Every structure is written in structure tokens, then in C-alpha cells.
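These are the residues of each chain, in order.
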Amino acid sequence: MTAELICFEERCRSRYPITEVIYNCPRCGGLLEATYGKPLLPAEELKALWRTRRTSNAPLDQSGVWRYREFIPFLADYGRVVTLREGKTPILDGRLTAEYGGLERLWFKHQGFNPTGSFKDNGMTCGVAQALRLGMTRVACVSTGNTSASMAAYASAAGLQPIIFIPHGNIAYGKLAQALEYGARTFQVEANFDQILALVRSLAERLGIYLLNSINPFRIEGQKTIMLEMMDQRDWRVPDWVVLPGGNLGNTSAFGKGLREMKDLGLIDRLPRLAVIQAAGASPFYDLMQAEDRSKLRAVEHPETLATAIKIGDPVSWPKALHEVTTSGGVVERVTEQEIADAKAVIGRAGIGCEPASAATLAGIRKLTKAGVMKSDAEVVGILTGNVLKDPDFIHQYHTGALRGPDGTQIQPNFGNAPVVVANNVEIIENMLQS
Ligand SMILES: *Cc1c(COP(=O)(O)O)cnc(C)c1O
Ligand SMILES: [Zn+2]
């Protein structure tokens, strides 16, 4: 089964060896993706094989990514793959949040259960495997946080040096802490995400560092398995909708590619519709979907949102994401800071919890059901992308009424739960607990 890289642009479709160190098509600058021949086993046998591996103690079988290696066959040899047992994330019953979302039932596939707390781990185990195979010794990324945390962990675990570039003063504390703890060389640069990306691209070329940014096609391959695992967990029953937050749109691209490939292989019989939710202050993809001319995305110059994981003004993967949303009959919605903050607290109160960007999922569902785009009896899987502990400052400020949006407006703690200061007095506390 020969794996190749292929240019995503319809008018080009140039092919390159899978081992070529390129991030964009050398001919046209287009995005690249991995492509494969047909797998050796028919759909039913693949499903049975993947199910059997769940009882195996072999490290690769325990990974929710590599368990499905026939679906991402870009490696010639699995001997050097480093797994931290990524994936294997649960689909949780979101019944306590369904009413808020305007739905009868709701499920959350919670990627925050990953080893470093976000879905970036699904992709990073693949990106780092490719770096090892290419003989690289250093890897780098620019990140608003979770990519850094994930790359730091996987690179260090693989004996590679992780180098991280972060927009100065724009990162949730939990994520920076992880990058430092996992041993990454960390540079905070005084520029925005898109500017730093240009800087790092030129550094990578000069110094022979492998780039693990979100356009890296091998990260996309790993993130495809989120959809495969979801279908496996649902016994291959296709939901009506899959809802996820959109920043750089790598995950949207990965989900769409994964679902299309599953349909092509006969693993599923139809595609769910993708609903991508952006923060209103960083919604260039939403704007693109509204525009008559969708041939060019207009970047948002100063993206603003407290949901730092989706604070992206110029999403690199938009051509792929546009194709995937269109192919699935999907939609793009945008939500306010207040809507994100409230949805997050509702998810928390249900005992589930997630980081701010993830909550855009529920805020978007609420908006789409209100607008009648999503029916109340639809079968919906929302993707929660990151762990609740990623951004503790946000949580404390919300519940104590101290949270302010990027423009300074106060976020109302509509579902606030502030701690109460009391004297060390049994009667007083007893009285309070009885009321
Ligand atoms: C990276 C990330 C996103 C955005 O994903 P894209 O692939 O950039 O669209 C959303 N939520 C969390 C928690 C993330 O880490
Ligand atoms: Zn091309």
C-alpha cells in the first residue's frame, strides 16, 4: 500500500514521496495531504481487527490512534513509534446540558482526556513518528498553547528536542506550564501568531528543524482517528451532526477527511454534517461562508477572544476546511464571549468540564437549534477539545464575576459559583447550609 503526499489544490494534485520534507506543495504552494492505496482488508474485517485490539496489552494497540494503523498507513515501520496512550477518549452522556443546547439528547466526545489534555495528542504522536522516520533531531511549532504542550511531551518522550514559539502574553497558564515541564525550549515572541509562523518557517529551513504546525499532514492523519474511534464506539451508527470549535481549522480538515475516507472504505454509509463554531472576535471562516465569493479567505487582522485556542485570524487550513464543510452539508456559526463563558459553566456543572474553546461547541449548538438549523431531536456529538484545567484563571474570574472580555466588557457570571468566605463558626455555617 503506497503512501504519498498529494497537493490538495484541484488544479494541481502533484504527488510527492511520503518522505519528502515539505509543508506546502513546491509547485503551487497548496496544502498537502497524505493519500494511500486501498487497504488489504475489507471493511468488516478491519472493524473486527480494531475491536480485538482493545483487549491487547501491546502499547500500539492500547493507543486510540495506532490501534487504527490500517487507516493511517504512512509509516513503513512501527518500531520507533512513541505512544503516550493518546486517544481512547470517552463519549460522555451530556444529558444535563442537552436542554441548554436545545436538544433532546447530546453526547460529548471529550478529547480533554488525552495525555496532555487536548486532541493535539492524536496528531502529535503521528507528527513525531514522521520526524523520527525522517531522521530529524529537533522539532518546532508556533502555538497558542495546546500544540506546544503536546509537542513538548511527545518530542521529549521520543528523545527529540522540542522548540516552541508562543505569542507573548497570549497563552493560558496551564499550557505554558506543561511546555516548560516537558522540557521544551520556549520562546515568547512579541508578535501575533501569524507573524511568528512566518518567522519560524524561515528558521526551520535554515536550521533543518522539522515543523509540527497544524498544516503538517501527518498531524492531520492522527486527528482523523478521532472520528474513526467515535464511530467504533458508536458501533458505526452515524450521528446527524458533529460539532467542533474552529481555529486554524486543522481538526475540521482532519474530521472531514477521516469521514470521507471511512465512507469510501465502506466503514460507514453516510456522512454526518459538520458544524464548525468560531468565536465572534476571530471568525474569518464564518465570514468566508457568508461571502458570495469563497475563493479567498479574508484574514482578521486582530483576532480577539478569551478562548485562546481558537484565537486565530488567518487559519492556514481553510481551503481543506471549506471543502469538508461543504461536502458534509455542514455549517459554520459564531458565538460571543458571553455565550462561550456560560456554555463552559453549564458543561462544568454537569460534572464534565472543558477549556474555553471547547465550550464554543455547546454555545454553537444552542444557537443552531434556536435558529432551526439543527432539529431538537437530531443526534449530535459535540467535540470537547481540551481539559478543564488548561485555563484555571478563566474559571476563577468567571465564577467571581471578575471576567472581562477582550474589549473590557464584563462577562456576566450567569452560572457563577463563587466561593463564600465565612467565620469559623458551626452555627453560622449550619444556618447557611439549611437555607
Ligand atoms: C487547537 C485547538 C482548537 C482549534 O483547533 P483547530 O484545528 O486549530 O481548528 C480548539 N480547541 C482546543 C482546546 C485546541 O487545542
Ligand atoms: Zn500544488
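Coordinates for the structure precede this section.
Quantities reported herein were computed from a predicted structural model and do not represent experimental measurements.

Topic: the overall build of the protein chain
For the protein chain, the helix and strand inventory stands at 15 helices and 13 strands. For the protein chain, the spread of C-alpha atoms along the principal axes amounts to about 70 × 50 × 45 Å. Relative to its 435 residues, the protein chain shows a buried fraction of 57%. For the protein chain, restricting intrachain contacts to residue pairs at least 6 apart in sequence, the fraction spanning at least 24 positions comes to 68%. Carbon and sulfur atoms provide 50% of the accessible area of the protein chain, an area that totals close to 18,100 Å². Charge centroids of the protein chain, computed over 47 positive and 46 negative side chains, lie 3 Å from each other.

Some thoughts on the packing of helix α12 (residues 337-349) against helix α13 (residues 356-370)
Interaxial distance between α12 and α13 falls to 7 Å at its minimum, and their mutual angle equals 100°. The orientation of α12 with respect to α13, classified from their angle, is roughly perpendicular. Side by side, α12 and α13 meet where Glu339, Ile340, Ala343, Lys344, Val346 and Ile347 of the first sit next to Pro356, Ala359, Ala360, Leu362, Ala363 and Lys367 of the second. The class makeup of the residues in the contact of α12 with α13 is nine nonpolar, no polar and three charged.

Description of the site of ligand 1
Residues in close proximity to ligand 1 total 16 residues, the closest being Lys120, Asn146, Gly247, Asn248 and Thr385. At 2.7 Å from an oxygen atom of ligand 1 is found a main-chain nitrogen or oxygen belonging to Gly247. Within the backbone of Gly250, an N or O atom sits 3.1 Å from an oxygen atom of ligand 1. About the coverage of ligand 1: the protein hides 95% of its 380 Å² of free accessible area.

So, the coordination of the zinc ion (ligand 2)
Those protein atoms acting as donors to the zinc ion (ligand 2) are Cys7 (SG), Cys12 (SG), Cys25 (SG) and Cys28 (SG), and they sit at 2.3 to 2.4 Å. Classification of the site at the zinc ion (ligand 2) as tetrahedral follows from its four donor atoms and the range of 96 to 115° in their angles at the metal. In primary-sequence terms, the residues that donate to the zinc ion (ligand 2) follow C-x4-C-x12-C-x2-C. With Cys12 in the loop between β1 (4-7) and β2 (15-17) and Cys28 in the loop between β2 and β3 (32-35), the pair connects residues that are 16 residues apart, well separated along the chain.

Observations concerning helix α1 (residues 43-52)
Buried within α1 are the following residues: Ala43, Leu46, Lys47 and Trp50. Along the axis of α1, the buried residues cluster in a sector spanning 100°; they form a single face. Summarising the geometry of α1, the exposed residues directed more than 90 degrees from the buried face are Glu44 and Thr52. Against the buried residues of α1 lie α8 (217-233).

Details of the environment of Ser56
The residue Ser56 is located in the loop between α1 and α2 (59-62) in this model. Residues Ser56 and Lys88 lie 32 residues apart in sequence; the distance between their C-alpha atoms is 13 Å. Apart from residues lying up to four places away in sequence, Ser56 is in contact with Asp61 and Gln62. Within the structure, the side chain of Ser56 is placed 3.0 Å from the backbone nitrogen of Ala58, a separation counted as a polar contact.

Some points on the packing of α8 against helix α9 (residues 250-264)
Packed helix pairs are characterised by how far apart their axes lie and by the angle those axes make with each other. Contact geometry of α8 with α9 gives a least axis separation of 8 Å together with a crossing angle of 55°. The pairing of α8 with α9 is recorded here as oblique in orientation. The element α8 and its partner α9 pack so that their crossing is right-handed. Within the contact between the two elements, α8 uses Ile220, Glu221, Gln223, Lys224, Ile226, Met227, Leu228 and Met231 and α9 uses Gly250, Asn251, Ser253, Ala254, Phe255, Lys257, Gly258, Leu259, Glu261 and Met262. By residue class, the composition of the contact of α8 with α9 is nine nonpolar, five polar and four charged.

Section: the sheet that holds strand β6 (residues 138-142)
Pairing is parallel in the open sheet, where four strands are placed in the order β8-β7-β6-β9. The open sheet has two edge strands, β8 (185-189) and β9 (210-211), and neither has a second partner. Pairing of strand β7 (residues 161-167) with β8, which is carried by five bridges, proceeds in the parallel orientation. Following the sheet pairing, Ile166 is matched in β8 by Gln188. Contacts between helix α6 (residues 173-181) and the sheet are confined to β7 and β8, with β8 contributing the most and set at about 140° to the helix.

Some details on unusual backbone geometry
Generally, phi is negative for residues other than glycine and the peptide bonds are trans, each holding for most cases. At Arg13, a residue that is not glycine, the phi angle is positive and equals roughly 50°. The class for Arg13 is partly exposed, based on a relative accessible area of 32%. Of note in this structure, Leu249 is not a glycine but carries a positive phi near 75°. Following the sequence through the fold, Leu249 ends up in the loop between β10 (241-245) and α9.

Rules used throughout
- Residues numbered from 1 in each chain as written.
- Chains lettered and ligands numbered in written order.
- Predicted model: local features only at pLDDT ≥ 70, side-chain atom pairs only at ≥ 80, totals over all residues.
- Heavy atoms only, no water.
- Helix = DSSP H or I, 4+ residues; strand = E, 2+ residues; numbered from the N terminus.
- Buried < 20%, exposed > 50% of the residue type's maximum accessible area, 1.4 Å probe, protein only.
- Contact = heavy atoms within 4.5 Å.
- Areas by Shrake-Rupley, 256 points an atom, 1.4 Å probe, with all protein chains shown as cover.
- Lys, Arg positive; Asp, Glu negative; His and termini not counted.
- Charge placed at Lys NZ, Arg CZ, Asp CG, Glu CD.
- Axes fitted to C-alpha atoms, helices over the stretch in contact; angles between N-to-C directions.
- Parallel < 35°, antiparallel > 145°, perpendicular 65-115°, else oblique.
- Nonpolar A, V, L, I, M, F, W, Y, C, P; charged D, E, K, R; others polar.
- Near = heavy atom within 4 Å.
- Polar contact = N/O pair within 3.5 Å; in protein donor to acceptor, adjacent residues only side chain to side chain.
- Donors = N, O, S within 2.8 Å, 3.2 Å for Na, K, Ca; no water.
- Tetrahedral: all angles 85-135°; square planar, octahedral: opposite > 155°, others 65-115°.
- Arc of directions from axis to C-beta.
- Left-handed = near helix turned anticlockwise from the far one by under 90°.
- Pairing = 2+ DSSP bridges.

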